[in-house]
Amino acid sequence: MNKLYGIQYLRAVAALGVVVFHAAERNGGHFTIGAAGVDIFFVVSGFIMWVLAETRQPSPTAFLRERIERIVPLYWIATAVMVAGGMAGLFPKMKLTAFHVFGSLAFIPHVSPSDGGTWPVLVQGWTLNYEMFFYILFAAVLFLPAARRFPALVLLFGVLVGFGLVLQPDGAVLRTYTSPLMAEFLIGAAIGKMWLANRMPPATLGVPLIIVSVAGFTLVGFGYLPFGPAALAPLSGMLLVGVLCLEKAGRVRHMRVPAYLGDASYSIYLWHTIAISVVVKASGIAGLSALPAFVLSIVAGTVAGLVCHELLEKPIAAWFKARRHRARVRYAG
């Protein structure tokens, strides 16, 4: 996937969009469309998982293990930092309970005791509850023959989303796992299936698709289209298809900085709110106006993610890789 630079650029755009959204929110402004980075993440995630599974053919166990190694350690560290900060009184509005912490670490959707929202201690971790559930469903589908996997995904997600739309359950778990947001993973998987089958639209449609999707996101941002999966899911899918059309034709060039931001997008996503909180408090003490505080928040959130990418994410990934290599050597011996 690292050779698909367009995917890396989309991950960078999605992560930075969320950073700007939270920076604006914490400094009294609004950049609602930035939150649509989550929708782009979900669609891209579905695409990546389908392509990786179909090209590498991992066992269900190996697939889940790789996903856990990729997602869990860094998220647990970020959550632990938030819990420690809450216990130290750095986050006065945070209320911690044993189940809130456990549910956060175990990716169990639940109502936060702090404000009644359905999210974990690290608020943006709510998206990882969706991701982990998707990984579990996807791993289950890998038990099937290759030809039956996509129809099984369509059936699973169709039943879940249909159940949610018809019955609209109240509980946090059912409300999460039957949300229309789940369909965004399926859209990404469908695009991955098209990609591997060489059935992408011609390259001439790449730029128009990107332009139309960006225009759609703009209309959502200004309130002319509803903010939600009904609009954001197809727009995210359209954006991905447009980028892949250009990618297929070799028209996406390698740009070091955007590619690096894409590599670090997970760390940026996890750590940016902590840095933004520090900047907002420091700006209040220093008497900075909203605009410079907003800009500093964006910079701090991004830099914090890049630092954690280098000091935490990459070493953790290298450790797991070395561990798997040692296990293969022992097995071969």
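Residues numbered from 1 in each chain as written. Predicted model: local features only at pLDDT ≥ 70, side-chain atom pairs only at ≥ 80, totals over all residues. Heavy atoms only, no water.

Trainee: Give a description of the packing of helix 3 (residues 60-87) against helix 5 (residues 126-141) that names residues and reports values.
Mentor: The interhelical angle for the contact between helix 3 and helix 5, taken along N-to-C directions, is 170°, at an axis separation of 9 Å. The angle between helix 3 and helix 5 falls in the class roughly antiparallel. The crossing of helix 3 and helix 5 is left-handed. Of helix 5, the residues touching helix 3 (which contributes Pro-60, Phe-63, Leu-64, Arg-67, Ile-68, Ile-71, Val-72 and Tyr-75) are Leu-128, Met-132, Tyr-135, Ile-136, Phe-138 and Ala-139. (Axes fitted to C-alpha atoms, helices over the stretch in contact; angles between N-to-C directions. Helix = DSSP H or I, 4+ residues; strand = E, 2+ residues; numbered from the N terminus. Parallel < 35°, antiparallel > 145°, perpendicular 65-115°, else oblique. Left-handed = near helix turned anticlockwise from the far one by under 90°. Contact = heavy atoms within 4.5 Å.)

Trainee: Could you give an account of the packing of aromatic side chains, naming the residues involved and the relevant values?
Mentor: Each aromatic ring pair is summarised here by two numbers: the centre-to-centre distance and the angle between the ring planes. Scanning all chains against the criterion turns up 17 aromatic pairs. Arranged with centres 5.6 Å apart and planes meeting at 55°, the rings of Phe-134 and Phe-138 form a pair that is tilted. Of this pair, Phe-134 and Phe-138 are both found in helix 5, 4 residues apart, which corresponds to roughly one turn of the helix. Across this residue pair, the class does not change: Phe-134 and Phe-138 are buried. (Phe/Tyr/Trp six-rings, centres within 6.5 Å; stacked < 30°, edge-to-face > 60°. Buried < 20%, exposed > 50% of the residue type's maximum accessible area, 1.4 Å probe, protein only.)

Trainee: Run through the packing of helix 2 (residues 37-56) against helix 8 (residues 182-196), naming residues and quoting values.
Mentor: Axis separation between helix 2 and helix 8 bottoms out at 7 Å; the angle between their running directions is 45°. Taken as axis vectors, helix 2 and helix 8 run oblique relative to one another. Seen along the crossing, helix 2 lies across helix 8 with a hand that is right-handed. On helix 8, the residues touching Asp-39, Phe-42, Val-43, Ser-45, Gly-46, Phe-47, Trp-50, Val-51, Glu-54 and Thr-55 of helix 2 are Glu-184, Phe-185, Ile-187, Gly-188, Ala-189, Ile-191, Gly-192, Lys-193, Trp-195 and Leu-196. Considering only residue class, the contact of helix 2 with helix 8 consists of 11 nonpolar, 5 polar and 4 charged. (Nonpolar A, V, L, I, M, F, W, Y, C, P; charged D, E, K, R; others polar.)

Trainee: Lay out the nonpolar core in plain terms, naming residues and giving numbers.
Mentor: The biggest cluster of nonpolar side chains holds 85 residues, and the ones touching the most others in it are Phe-47, Phe-138 and Leu-270. Per-element accounting of this core gives the leading share, 13 residues, to helix 2. Those residues in contact with Leu-270 that sit more than four places away from it in its chain are Leu-74, Tyr-75, Leu-122, Gln-124 and Leu-128. (Core = buried A, V, L, I, M, F, W, Y, C linked by side-chain atoms within 4.5 Å.)

Trainee: Account for the environment of Val-159, naming residues and giving values.
Mentor: In this fold, Val-159 is placed in helix 6 (residues 146-167). On the basis of relative accessible area, Val-159 is assigned to the exposed category, the value being 53%. Sequence separation of Val-159 and Leu-232 is 73 residues, and the distance between their C-alpha atoms is 21 Å.

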